[in-house]
Amino acid sequence: MDFLRPASWEEALAAKAEHPTAVPIAGGTDVMVEINFDHRRPGHLLDLTRVGDLYEWEAAEDSVRVGASVPYTRIMENLRAELPGLALASHTVASPQIRNRGGVGGNLGTASPAGDAHPALLAAGAEVEAESVRGSRRIPIDEFYTGVKRNALAPDELIRAVHVKKADGPQQYSKVGTRNAMVIAVCAFGLALHPRTRTVRTGIGSAAPTPIRAKAAEEFLNAALEEGGFWDNGKIITPSVAQRFAQLCSGACNPIDDVRGTASYRRHAVGVMARRTLTWTWESYRGARRLTEGAA
Amino acid sequence: MPTNGAPTKITQGSRTKGGIGESTLRPDGTLKVTGEFAYSSDMWHEDMLWGQILRSTVAHAEIVSIDTSEALATAGVYAVMTYDDLPTEVKNYGLEIQDTPVLAHGKVRHHGEPVAIVAADHPETARRAAAKIKVDYRELPVITDEASATAPDAILVHEGRDDHHSGHVPHPNIVHRQPIVRGDASRAAGRADVIVRGEYTFGMQDQAFLGPESGLAVPDEDGGVHLYVATQWLHSDLRQIAPVLGLPESKVRMTLSGVGGAFGGREDLSMQIHACLLALRTGKPVKIVYNRFESFFGHVHRHPAKLYYEHGATRDGRLTHVRCRIVLDGGAYASASPAVVGNASSLSIGPYVVEDVDIEAVALYTNNPPCGAMRGFGAVQACFAYEAQMDKLAAELDMDPVALRQLNAMEQGTIMPTGQPVDSPAPVAELLRRVKAMALPPERQWESSEGADVRQLPGGLSNTTHGEGVVRGIGYAVGIKNVGFSEGFDDYSTAKVRMEVVGGEPVATVHTAMAEVGQGGVTVHAQIARSELGVTQVTIHPADTQVGSAGSTSASRQTYVTGGAVKNSCELVREKVLEIGRRKYGSYHPAWATAELLLEGGKVVTDGGEVLTDLADLLEGESVEVEAEWRHRPTEPFDLRTGQGNGHVQYSFAAHRAVVEVDTELGLVKVIELACAQDVGKALNPLSVIGQIQGGTTQGLGVAVMEEIVVDPKTAKVRNPSFTDYLIPTILDTPTIPVDVLELADDHAPYGLRGIGEAPTLSSTPAVLAAIRNATGLALDRTPVRPEHLTGTA
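Analysis parameters
- Residues numbered from 1 in each chain as written.
- Chains lettered and ligands numbered in written order.
- Predicted model: local features only at pLDDT ≥ 70, side-chain atom pairs only at ≥ 80, totals over all residues.
- Helix = DSSP H or I, 4+ residues; strand = E, 2+ residues; numbered from the N terminus.
- Rg over C-alpha atoms; globule rule 2.2 N^0.38 Å.
- Buried ≥ 20, exposed ≤ 12 C-beta atoms within 10 Å, placed from the backbone.
- Contact = placed C-beta atoms within 7 Å.
- UniProt positions renumbered as here; feature names shortened; annotations may be inferred.
- Pairing = 2+ DSSP bridges.
- Axes fitted to C-alpha atoms, helices over the stretch in contact; angles between N-to-C directions.
- Core = buried A, V, L, I, M, F, W, Y, C linked by C-beta atoms within 7 Å.
- Nonpolar A, V, L, I, M, F, W, Y, C, P; charged D, E, K, R; others polar.

Draft legend 1. Looking closely at the overall build of chain A. A tally of regular secondary structure across chain A gives 11 helices and 13 strands. Whereas a compact globule of 296 residues would reach a radius of gyration of roughly 19 Å, chain A reaches 19 Å, a difference of no more than 12%. Each principal axis of the C-alpha distribution contributes one length, and for chain A these read about 60 × 45 × 30 Å. Buried residues in chain A amount to 49% of all 296 residues. Long-range pairs, those at least 24 residues apart, make up 65% of the contacts in chain A between residues at least 6 apart in sequence.

See below:
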């Protein structure tokens, strides 16, 4: 196994172009596990730790550009206001040591359905900035996950950053594991309210071959909120609406039975998380609305 | 009821600093928490090779052929060995039954069985070479449970058994069967106003020690080998290793190296013989270190079990009878299964008075992973079931579950189902009273001024609830564990104690072969020597086979038995020291001849406190050394038909109260508190006692809510051999564990002490399960309980 150590982003792209099967490694929290278990024995490892740009983030007007290697700890500590869903998701990643090393780029690169960041990215709305010696492009998150541990990257492309939409409303993230910390998701759910566009977006992890959105549930809820004038009147969402939303989220799942949980449990738990996160985000939206009105 | 009673028979040592009863600190504590401690996996030797084991990829198969040619041709490979390369006629080993092949011969019986071994100059080379060995398997149907093991056409896991249990078992796929019959359960059932029945399932728990199996074998010039290894019992290893190597035991020298936990998982051999074989074959030192994945295949696990129980009681809550049947899955090799059967059967009704019982315990041979010793050893599985039954009975009788237990609690003088009287304190009712009397944690303890603190809620940081669906439950359990090896086993320990003057100070050296696996024996032995010899300087010699056996570090026995041996040898040393004193100074002071003399604070003093001489002076130019074996009271085997016999040395009791919060919608559990009360006889080191109780309690919690090796019932292959999917409690899963320690002396034991390490592992699990049942109203007849069991989505 050869170890490539580019000193700059340009060198990294050149190396990836030369060795398209090279596996990029930054925090190593996924890759090293695979190697240690001998599940994977790549011909080349492409070490990105010397590319300093990947550890930086930058806020634009509507979104935050999060470098691929920005550790989860930094996201939790510094981006809670702009990216609350991703910050909550980051909090659930493994242990403090892993959160100090691992970043969203690795989650996206591995594209495991159990990656903790995916539901938050799907719910917030995001674009993956991919680059190769051929040029740079932005891949909408909805098009990024193409199969179990497969993504839309070309063999010569590297993930440089992810552009995540700044929260314009409350966001929540829940994950079920059979331990109270440091656990791989049995399933996970992300929800973001987007009052500006009067829409909601969802993200579901570990309950289908790829991370997915519950689109039918979103459409149902969008219509129900619109119809009842909820965005304007700030009323409590009727339990039947929340229940139907939860059912549709469950229905969006296509899970399997495995050693971590049953398919039936995953469907059930996604429904419970959908209902609860809807309650939490909506309560928060109502609270914020009341505060705004009080000020006005 | 006496409380915190003073232990008896202390004639010596209460005034020497660092003696028994003090919480002296572990000598290795700081090293371990700072990462400086040298574990067995850290050893290195110049010019050493790395050993690698090739393990079977299937659970049950005939080996058609093994082709090692490609592996042997790999650059850097020094040796490849299979069954055919074993040097002597002894090709099997085993703790009690020698049924385990050093390397598979003709057949593999479980997933991960060693088939071939490789030595190479780099671990990666060894690993790759092992992968090049071609093994052609012809798969056989797998035996995975009682039905498949005892079916009329069942394949025999071991053909042609001739071990000492083969004559009395009902089927060759049953390792051992122990019935216990006392009174007349059928007749007694007629007196019962209420009868409850249950079928319970206990999942396969792993010891999950943090330091994987590892060791270093160094060839000696005389043709022997020196093995540095992490184990639980050096001499038991030695007895099994030497015959396979074709060496006398004197040529296999063993030294204990840093042990990273054991919990029973190091009672059986792992890499010991393989490393020695490769070292002797290559003439070079060979190191073997398992990784975590291999470790899951490299040691036995706790027996999974099916338990069938019937309890009867009169309307006022008195137990009339118990009938039970415990089926333990021993997996492919016997390991400690026979002794686990003995424990499970003899302790199967718990710490209760029941005169009419009909009990049966069996261990199966299957193609599942081999199971053997783990903390609690057969008593854990039984406790889970009989405590569930007691709750069921309480519900049926509409009685308080604690009151029902107290009403039926055994006490000193109670006769066990084996006919053995309990002849030391058995404060079962008192322990329950104490855990119940502790203040409960506040309701809705997750609420803070800033909203819900998710760390205090089920799901923790995963943010699954802010209080929704959360219901509190409280549950109680109590258990009984035997201490020491039972059923007539000659369970002795040896201690060599030396006293001399070093640098003008009297110093004692304690040399035993006791495996320090984290239990604190090294701390306690030094305390005993200080108390008995009146010195402050005590050196603990590294454990090796240059001294006699100290028995196993298991069965909660080391403080009792090796501690007893150290005490005994110290007493013999003390007598010799006083003889020297009488010889040297007898004519100067009449007290040498008349008074009872003690060694205290580096001096010889009379029982009245008068100083006769300094030990430094007395021992000038002299040294005193004693090596002696020490035995606890003998035990007897259980009768194979009736189970009667004085089989156990001592009993140990603990009770727990569990307080849990259950997210009833998501099926997630947060254990808020696990209060424990335990009688320890005498706390030789109170801090270590608390540590053992909290550790055992946590291990019991693990198997209540998360820990389970999942074996595919169709293939008998292990599905989760990693810490990614075999979950053990993190600190966030570990509750507050208030501990109430009772010290009621056992007059038969050194200092009145009671073995303590296992009892807290018993009652912790059923207490948590009881609390979850209390919160959810579900029956829950298996452990660990998983979210799907709590949400009807299994």
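Don't stop here, the text continues.
Draft legend 2. Region of the structure containing the UniProt feature "domain: Aldehyde oxidase/xanthine dehydrogenase a/b hammerhead" (unreviewed entry) in chain B. Residues given the UniProt feature "domain: Aldehyde oxidase/xanthine dehydrogenase a/b hammerhead" (unreviewed entry) here are residues 34-141 of chain B. Between the C-alpha atoms that bound residues 34-141 of chain B there is a distance of 49 Å. The span itself is 12% helix and 35% strand.

Draft legend 3. Structural context of the sheet that holds strand E3 (residues 77-81) of chain B. All names here are of chain B. Across the sheet, which stays open at both edges, the 7 strands sit in the order E3-E7-E1-E14-E11-E12-E13 with mixed pairing between neighbours. If you trace the sheet from one side to the other, it starts and ends with E3 and strand E13 (252-256), each paired once. Across the sheet, the axes of successive neighbouring strands diverge by a mean angle of 20°, strand direction being ignored. In this structure, strand E11 (residues 214-219) lies alongside strand E12 (residues 225-229), joined through 5 bridges in antiparallel fashion. In the strand pairing of E12, Gly215 is matched with Val229. Contacts from helix H3 (residues 123-131) reach strand E1 (49-55), E3 and strand E7 (114-120) within the one sheet, and its direction differs from that of E7 by about 140°.

Draft legend 4. Here's a closer look at the UniProt feature "domain: FAD-binding PCMH-type" (unreviewed entry) in chain A. Under the present numbering, the feature "domain: FAD-binding PCMH-type" (unreviewed entry) in UniProt falls on residues 1-169 of chain A. The distance separating the terminal C-alpha atoms of residues 1-169 of chain A is 47 Å; by composition the span is 31% helix and 26% strand.

Draft legend 5. Spatial organisation of the nonpolar core. Membership of the largest hydrophobic core comes to 326 residues, with the highest contact counts inside it found for Leu86(A), Val118(B), Cys276(B), Val660(B) and Val768(B). With residues near it in sequence (within four places) discarded, Val660(B) still touches Gly473(B), Val669(B), Lys670(B), Val671(B), Ile672(B), Val768(B), Ala771(B), Ile772(B) and Ala775(B).

Draft legend 6. Quick peek at the interface of chain B and chain A. Facing the 30 residues of chain B at the interface are 28 residues of chain A. Elements that contribute at least two residues to the side of chain B that touches chain A include exactly strand E31 (668-679) and helix H19 (787-790) of chain B. Residues that form the side of chain B that touches chain A fall into these classes: 10 nonpolar, 12 polar and 8 charged.

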